[in-house]
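This is what each chain is made of:
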Amino acid sequence: MADAVLFEFLHTEMVAELWAHDPDPGPGGQNMNLSVLESMGFRVGQALGERLPREMLAFREELDVLKFLCKDLWLAAFQKQMDSLRTNHQGTYVLQDNSFPLLLPMAAGLQYLEEAPKFLAFTCGLLRGALCTLGIESVVTASVAALPGCKFQVVIQNS
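Just so it is clear, the structure is predicted and the values come from calculations on it, not from any experiment. (Residues numbered from 1 in each chain as written. Predicted model: local features only at pLDDT ≥ 70, side-chain atom pairs only at ≥ 80, totals over all residues. Heavy atoms only, no water.)

1. Describing the overall build of the protein chain
- Within the protein chain, the secondary structure is distributed over four helices and four strands.
- Starting at the N terminus and ending at the C terminus, the protein chain contains elements arranged as α-α-α-β-β-α-β-β.
- Looking at the protein chain as a whole, 41% of its 159 residues are labelled buried.
- When contacts within the protein chain are restricted to residue pairs at least 6 apart in sequence, those whose partners lie at least 24 apart make up 58%. (Helix = DSSP H or I, 4+ residues; strand = E, 2+ residues; numbered from the N terminus. Buried < 20%, exposed > 50% of the residue type's maximum accessible area, 1.4 Å probe, protein only. Contact = heavy atoms within 4.5 Å.)

Now the structure itself:
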C-alpha cells in the first residue's frame, strides 16, 4: 500500500516538474515533455523486465506475453490486474483498465480529461520497455474516453 502511494506521488511530481517551467508549452513543447516521460517509463519497463524470473521469459507467443503484462506486470506496478485484453490476432492489442490508479485523483471532473495524456505517457513507456526486454518491438499509445478508465493500444512491429 505504501509503495503504491509513493509511486503515485513520485509520478505526479515528475509530471508537475516537466510542466512547471511552461504550463502551456504548445504542441512542440508538450510533445517533448511527453517524450521525456515515455522515455523514463521505457527504462523502468526494461528494468522490470530484466528482474523477471527466467522461467517467465519463455513465452511461446505474443499473446502469452501480453497476458503476462496484463496480469503479473500490472499487479507488480499497480497492485491490480488489467481489466481487459483484446486482440485482432494481427499484432494489435488493446489493454483496458477501467480504474487506472494514476488517473483516479482526476476522476472527479471532466475538466481533467484533456490533462490525462500527461499521466499516461510514462505507462506507455513502461509497457514498451517491458515488451522490448521480452524481445518484442512495439508502439504503445493510450487513450481516455472517461476518467478514470483508459486503454493502451499495443501495435507489434514486425522485424
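And the narrative resumes.
2. Quick notes on the side chain of K118
- Note on placement: K118 falls in the loop between β2 (92-97) and α4 (121-133).
- One polar contact links K118 to E115, side chain to side chain, over a distance of 2.5 Å.
- Among residues more than four places away in sequence, those in contact with K118 are V15, W19, L34 and L37. (Polar contact = N/O pair within 3.5 Å; in protein donor to acceptor, adjacent residues only side chain to side chain.)

3. A closer look at the pairing of β2
- Counting buried positions along β2 gives five out of six residues, so the element sits mostly inside the fold.
- Here strand β1 (residues 84-87) pairs with β2 via four bridges, running antiparallel. Each residue of the ladder has a partner; that of T87, found in β2, is Y93.
- Counting the residues in the hairpin turn of β1 and β2 gives four residues, including H89, whose phi is positive at 60°.
- As paired strands, β2 and strand β4 (residues 150-156) are joined by six bridges and run antiparallel to one another. Directly across from Y93, in β4, lies its bridge partner V154. (Pairing = 2+ DSSP bridges.)

4. Things to note about the pattern of salt bridges
- For the structure on display, the rule yields four salt bridges.
- Close ionic contact of E38 with R128 constitutes a salt bridge, the shortest N to O distance being 2.7 Å. You can see E38 sitting in helix α2 (residues 26-50) and its partner R128 sitting in helix α4, a full 90 residues away along the chain.
- When its relative accessible area of 23% is taken as the criterion, R128 is described as partly exposed.
- Measuring nitrogen to oxygen at the nearest pair gives 3.7 Å for the salt bridge that ties D83 to K80.
- A single network of salt bridges, built from pairs that share partners, joins K80, D83 and D97. (Salt bridge = Lys/Arg side-chain N within 4 Å of Asp/Glu carboxyl O.)

5. Brief notes about unusual backbone geometry
- Residue P148 is reached from L147 by a cis peptide bond, and omega for that bond is 5°.
- Secondary-structure assignment places P148 in the loop between β3 (138-143) and β4.
- For Q79, which is not glycine, the phi dihedral falls at a positive 60°.
- Relative to the elements of secondary structure, Q79 occurs in the loop between α3 (62-78) and β1.

6. A look at the sheet that holds β3
- Strand order across the open sheet formed by four strands is β1-β2-β4-β3, with antiparallel pairing between neighbours. Looking at the sheet topology across the chains shown, the edges are occupied by β1 and β3. In this sheet, adjacent strand axes meet at a mean angle of 20° when their direction is disregarded.
- Relative to β4, β3 runs antiparallel, the two being bridged by six bridges. Bridge pairing in β4 places T141 opposite Q153.
- Across the sheet, α3 lies against β1, β2 and β4, angled at about 15° from β2, the strand it touches most. (Axes fitted to C-alpha atoms, helices over the stretch in contact; angles between N-to-C directions.)

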